[in-house]
Protein chains: 6
Amino acid sequence: MSASTLRHDQRQADQLRPIQFEIGVAPNATGSALVSFGQTRVICSAMIEPKVPGWMRQQGVKGGWLTAEYSMLPYSTLDRKSRDSSRGKLDGRSVEIQRLIGRSLRAVLDLDKLGENTLWIDCDVLQADGGTRTASITGAYVAARLAVQKLIDAKRIPENPFRDSVAAVSVGIVKGRPLLDLDYLEDKDAEVDFNVVMTGSGQFVEIQGAGEEATFTHEQLQSLLTLATTGLKTLSAQQQTTLARALLTTTS
Amino acid sequence: MSASTLRHDQRQADQLRPIQFEIGVAPNATGSALVSFGQTRVICSAMIEPKVPGWMRQQGVKGGWLTAEYSMLPYSTLDRKSRDSSRGKLDGRSVEIQRLIGRSLRAVLDLDKLGENTLWIDCDVLQADGGTRTASITGAYVAARLAVQKLIDAKRIPENPFRDSVAAVSVGIVKGRPLLDLDYLEDKDAEVDFNVVMTGSGQFVEIQGAGEEATFTHEQLQSLLTLATTGLKTLSAQQQTTLARALLTTTS
Amino acid sequence: MSASTLRHDQRQADQLRPIQFEIGVAPNATGSALVSFGQTRVICSAMIEPKVPGWMRQQGVKGGWLTAEYSMLPYSTLDRKSRDSSRGKLDGRSVEIQRLIGRSLRAVLDLDKLGENTLWIDCDVLQADGGTRTASITGAYVAARLAVQKLIDAKRIPENPFRDSVAAVSVGIVKGRPLLDLDYLEDKDAEVDFNVVMTGSGQFVEIQGAGEEATFTHEQLQSLLTLATTGLKTLSAQQQTTLARALLTTTS
Amino acid sequence: MSASTLRHDQRQADQLRPIQFEIGVAPNATGSALVSFGQTRVICSAMIEPKVPGWMRQQGVKGGWLTAEYSMLPYSTLDRKSRDSSRGKLDGRSVEIQRLIGRSLRAVLDLDKLGENTLWIDCDVLQADGGTRTASITGAYVAARLAVQKLIDAKRIPENPFRDSVAAVSVGIVKGRPLLDLDYLEDKDAEVDFNVVMTGSGQFVEIQGAGEEATFTHEQLQSLLTLATTGLKTLSAQQQTTLARALLTTTS
Amino acid sequence: MSASTLRHDQRQADQLRPIQFEIGVAPNATGSALVSFGQTRVICSAMIEPKVPGWMRQQGVKGGWLTAEYSMLPYSTLDRKSRDSSRGKLDGRSVEIQRLIGRSLRAVLDLDKLGENTLWIDCDVLQADGGTRTASITGAYVAARLAVQKLIDAKRIPENPFRDSVAAVSVGIVKGRPLLDLDYLEDKDAEVDFNVVMTGSGQFVEIQGAGEEATFTHEQLQSLLTLATTGLKTLSAQQQTTLARALLTTTS
Amino acid sequence: MSASTLRHDQRQADQLRPIQFEIGVAPNATGSALVSFGQTRVICSAMIEPKVPGWMRQQGVKGGWLTAEYSMLPYSTLDRKSRDSSRGKLDGRSVEIQRLIGRSLRAVLDLDKLGENTLWIDCDVLQADGGTRTASITGAYVAARLAVQKLIDAKRIPENPFRDSVAAVSVGIVKGRPLLDLDYLEDKDAEVDFNVVMTGSGQFVEIQGAGEEATFTHEQLQSLLTLATTGLKTLSAQQQTTLARALLTTTS
């Protein structure tokens, strides 16, 4: 297949799906955003709790903490997904994803500047069409940055604890061809599947990649990382535009 | 306080909050609606599963089933509400509410006409400001009716199994005065708190009322039921208008 | 069916089953009573714990608390009911009932006068024949009142914290006819089923009523409430007689 | 202390507490008995379920099964004991006891003669004053034998599957002195504590004995077994008398 | 069968399997030993935690505590045994065994001399061939004694809190013949099965014996206790030899 | 720090810790190996179960399955780690690791050739000193290959279902310097931490890398991957040598 062939939804190989951020979707949260990567839509919220986890107090660790929870709403998939609370425990995939979201945001966050607060990140998938974890990270940063601004404006913290922004995107090899931002149809046929998390300044935060009952070469790895970097620049720019507009609105 | 005094949000004693239904908020569900009773907003979805619960098969009960799940999203309240899945079990209040939603919809549903299917109702509170259970019932009927229409259109069931529509509203006595559709501020001061579930044709489905560490008289009960009946007529009419417009759209 | 027709157990429509209270059935409890509504028999106990729940301390709420637990013993039904502890969680019905018992007793209890104590109510159904929740409430008040007297006599609390007594009864419409205090056979055929909780002075505490996959009119509601009020007067009188005799015995 | 000194409740060293069996305390069970060893009172019930556990079907084991559950009711102790269902799991002591009850009854039961049925034994402690497990075994046999008779009378099984009766008693060394059937006060001071299960014909079924953070000699063991054997003869005789009277009543 | 007939593995009736202790198998534990009773192999470890259980603090009990956990590794049996963590709870047998291990070690331990520490005993079965509980107790004592020596050497406790050593062995009646230290093949055919726990000085700590759906006489009991006593002398001597060599090594 | 400086344990930057495989440590498993990466030691076992998971049967997926479980034994760390079964659930880290082990082995396994069997991999950490997940994967392949050979020899499967071998190693940046196979001391100071899984033929299977509350550049990524590739060649060779020797032994 030539590189110029369009994908099933008419995208180029290196083209993101339409990206949108709807700010303030959960008014009771300190910050919130409904992020869309095409048909994948995730409610991201950030809330502050004025205490830190027990293990920090026990170990005498100073500063704040950020923790994330991820869940697929039952109606996010065509076949209803039963709730974790009905099954009595989180499934392994949800555990992995919420740990990834937490690490990604903590990588750009100066926990000392949070004070003795916990920043709770919640990502609930409203509609799932591939890439829910990368959309979650990308939206969670926007929600968290909005929440942090509210805390600054309320003089609950002295300055912005975020050193940088953070976003994430998936890349993969489908029928031998490297593609950016896979949707569900592409994802389930992918031979190799990567999630790349990067800061606004272009540093890697996390790389997770695996062959799906398959393996991959050093060359394939390089082409995927190049593709991801391209997409992440765009995502990062859209986060900045969204936040600039939102913060302008709230402070003006 | 005279009956004509306006409430803290400028409503009359017998006035509902602004009611809205946003259809199709969860596109992967068979039917869905985001219902708003003022600042209370609930995502309601209805999905079909082509099998019935184990106890029905074991007892040889014919026909279908409807089951409901209710949850408050962590960011629906000003203080973050921890997830049921984190605590490993549903709290008692959620159990009560989801059983009420299930009974209310089954009261107007001919289960035989569902075939051997389970209709799953999910109500997730996005923003909580009092009356989440009544908004859930009212929105769930809309989502369920839309789902049922899709099944009819797809010829998976022969005819509409709903005998009637169903809606719910809260009423209460606040500082001695009977009020319709309490918001959170009113609810927490209420001496008496009722939830009334009624069909579109004006029959009662369920009445649940209690003094909050208090008691009430027969006269107070009557005035509350009158107030509820008034509100339920309006809610029922708005459900019909919403459904008429939505079904027109999808079938035309 | 004419109003004068006798029921399957030879009762009139407005007649309670034989009511009995056996005091002191659980001698290690502070107060206890085995209550019988005909063949429905429930062990009710009340015990004091000299501390309050965590949420009260955290929220700085003063006074005491009352909490209730309800369980059906495995041999209370003809088909053995498996224990909640075997299933690892309470079923929804038990959760609903124990919350109702707790609310009903708190409605007539001045929590401030309890001091920093929790009054634990336990209701274990020894034999189930319909109306286990109403028998539980009615018996639990007797057990709780006895327990409270012991605390007063031991000078652990200064005065009786109960403002009033409380009792409960079921009413329902069976084959179109309003009946008082349904047994199991009547209950499973009932079109409409109400539980009414009332104080000794005739004020309502809680009304819960639902059509069983059916609906009901305003007129039916009124006739059911009248029937319930009749029965509750008798129950209340029997509680008083029982307590008068028991308290006389223990203090003389 | 000389062997003739009376115990704190005026018993001789080799004297049982007053033993009673109240038949039929749980009328919905197939067989039931409220057994009293002094102030220790246990509700014992036996119910039949017309199927066998999954592991028996999987392993192709023929015949029936007997399984036991043991629980202390919350009001059986002076300090309220929280329910297993509230804690979400059985405590270790309850697990041990219910396994002991099950083994003890299976030792005298011909499982082949039960057919493909499970005999469920439930023992709920109403009042705890030491020896709840031995009272449970002794009462459970009575309940089970009554249940079995009902099955024979109903021609659901052809003959009595019990080869023998079974009873249990505790013995212990308190302040150096071997005592029969310890109550709670004695039990908590005992240096050595034994539970002995024996058939009506005088064969051992199970012996469980331990020093309580202490040890014991061969001679002490022998004196305890002699004491237990004496008590078990009396218990066995009382079971027979009780059953003879009960079965006479039901069949005449 | 004559007493001189060899067993299926060429042992005499009163002969133990080959006993081995491999010291230090888990270097991060305070003390550890891999104990072998023939093909039964158990990893035993002892670790100190500088606090006591909540119930001790609440009840104001002085001194330390010892607690034991027992688990069969999934690959210890020919058919893989699923993990307790996968099933979400301990099975009844594991609960019984870990309580037995704990009691056995506490019987020879002066808890006061432990200070406010908990000694955690872990027994994980690497290979199961009968007698895992008796091997666990025997190995756990060795691990615990080694751990205690480290605490003494580090001056964390002033002196050895063990009053005596402790070991355990199984005995049983197989095809009418009393045998010492049953392996799996013998155990599953045993009519009577005893576990005997004894101190180094020859005092009993615990006796647990039961007929396997069978019963036993006083004479059979005596012959089993004699056999056990013989085996326990050997086990005790081997513990002492092992510890003498190990403590010599570590302190020299 | 110059590249030639030795590490705290005298290793070069690109040097593995001493690697060892002890074959047959769990004789009841189909295949087993105790793998050591220096002081990190993991018991790896592989067992066959002649059925596939429920979801495969439901979805009609052909062939076999491989599933992995990972656990840290309580005595693997200097501070005792409480068991998952005591806490009632797996922690998030264990879930992540066991999913990684499973994916890594499935990437080189032809599931069709397994027949309708599940290959269970168990990895229990006996001693933890960094790199437990990479040691687990490396040891699990050896255990699985041994198990598969037994199945072939027993003619339960016709040919070797492994297409290739698989091994894993960690690499990281510690104080600015890329290091191979981090031990615990290095790992807790690492700025960047990668786990790389690779086949014997040099293809990537999985790459997981993250800054520890930090970020990393493209150049750092490349140097880490080069380092990992070096180490993985050695590990792969040692696996082959171990297997060649073991298979020779068992078949000769």
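- The name given to chain A in an unreviewed UniProt entry is Ribonuclease PH, and the organism recorded there is Cephaloticoccus primus.
- UniProt, in the comment section headed Catalytic activity (unreviewed entry), describes chain A in these words: "tRNA(n+1) + phosphate = tRNA(n) + a ribonucleoside 5'-diphosphate".
- Turning to chain A, the UniProt record has this under Sequence similarities (unreviewed entry): "Belongs to the RNase PH family."

## Some remarks on the pattern of salt bridges
So, step 1. Counted by the stated rule, this structure contains 96 salt bridges over all chains.
So, step 2. In this structure, the salt-bridge partner of Arg 17 of chain B is Asp 129 of chain B, at a minimum N-O distance of 3.9 Å. Of this pair, Arg 17 of chain B sits in the segment before strand 1 (19-23) while Asp 129 of chain B is found in the loop between strand 5 (118-127) and helix 4 (132-153), placing the two residues 112 residues apart along the sequence.
So, step 3. Arg 17 of chain B gets classed as buried once you look at its relative accessible area, which sits at 4%.
So, step 4. Between Glu 69 of chain C and Arg 80 of chain D there is a salt bridge, with its nearest N and O atoms 3.2 Å apart.

## Digging into helix 4 (residues 132-153) of chain C
So, step 1. The terminal C-alpha atoms of helix 4 of chain C lie 31 Å apart, and with 22 residues this matches the ideal 32 Å at 1.5 Å per residue to within 8%.
So, step 2. Of all 22 residues in helix 4 of chain C, 20 are buried, a share of seventy percent or more.

## Details of the pairing of strand 4 (residues 65-72) of chain A
Across a regular strand the side chains alternate sides, sitting on one face of the sheet and then on the other.
Residues and elements named next belong to chain A.
So, step 1. Strand 4 sits mainly inside the fold: seven of its eight residues count as buried.
So, step 2. As paired strands, strand 4 and strand 5 (residues 118-127) are joined by eight bridges and run parallel to one another. Following the sheet pairing, Thr 67 is matched in strand 5 by Trp 120.

## A few points about the relation of the copies chain B and chain A
So, step 1. Least-squares fitting of chain B to chain A yields an RMSD of 0.0 Å, with the superposition described by an axial translation of 0.0 Å and a rotation of 180°. A rotation of that kind, with that shift, is consistent with a two-fold axis.
So, step 2. Comparing interface residues between copies, 100% of those in chain B also sit at the interface in chain A, which points to an isologous, same-surface contact.

## Structural notes on the interface of chain B and chain A
So, step 1. Contacts between chain B and chain A engage 32 residues on the former and 32 residues on the latter.
So, step 2. Surface buried jointly by chain B and chain A totals about 2,600 Å² across both partners, of which 53% is contributed by carbon and sulfur atoms.
So, step 3. If you sort the residues of chain B by the area they bury against chain A, Asn 28, Tyr 75 and Arg 80 of chain B come out on top, with a joint share of 29%.
So, step 4. Summed over the shared surface of chain B and chain A, the result is ten salt bridges.
So, step 5. Residue Arg 83 of chain B pairs with Asp 122 of chain A through a salt bridge whose shortest N-O separation is 2.7 Å.
So, step 6. The tally of links between chain B and chain A comes to 16 residue pairs in polar contact (both at pLDDT 80 or more).
So, step 7. If you list the elements that add at least two residues to the side of chain B that touches chain A, you get strand 3 (40-49), strand 4 (65-72), helix 2 (84-87) and strand 5 of chain B.
So, step 8. Take the side of chain B that touches chain A: its biggest share by element is six residues, from strand 5 of chain B.

What counts, and where the lines are drawn
- Counting starts from 1 at the beginning of each chain's written sequence and moves along it residue by residue.
- Ligands are numbered from 1 and chains lettered from A, in the order in which they are written.
- Totals for whole chains, interfaces and linings use every residue, but because this is a predicted model, local features are given only for residues with pLDDT of at least 70 and side-chain atom pairs only at 80 or more, for both listing and counting.
- The basis for the side-chain values is all heavy atoms of the structure; hydrogens and waters are excluded.
- UniProt positions are given in the numbering used here, feature names are shortened, and annotations may be inferred rather than shown by experiment.
- A pair is scored as a salt bridge if a Lys or Arg side-chain nitrogen falls within 4 Å of a carboxyl oxygen belonging to Asp or Glu.
- Helix and strand labels come from DSSP, where a helix needs a run of H or I of at least four residues and a strand needs a run of E of at least two; each type is numbered from the N terminus.
- The cut-offs for exposure are 20% and 50% of the maximum accessible area for each residue type, with area from a 1.4 Å probe on protein chains only; residues under the lower value are buried, those over the upper are exposed, and the others partly exposed.
- Expected helix span is given by 1.5 Å per residue-to-residue step, counting one fewer step than there are residues.
- Any two strands with at least two DSSP-identified bridges between them are counted as paired.
- Fitting of the copies onto one another was done by least squares over C-alpha atoms, counting residues only where both copies have pLDDT of at least 70.
- Every residue pair with non-hydrogen atoms within 4.5 Å of one another is taken to be in contact.
- Accessible area that two parts lose when put together, with a 1.4 Å probe and added across both, is what the buried area reports.
- Two N or O atoms count as a polar contact when they lie within 3.5 Å, although within protein this holds only if one can serve as hydrogen donor and the other as acceptor, and sequence-adjacent residues are included solely when both atoms are side-chain atoms.

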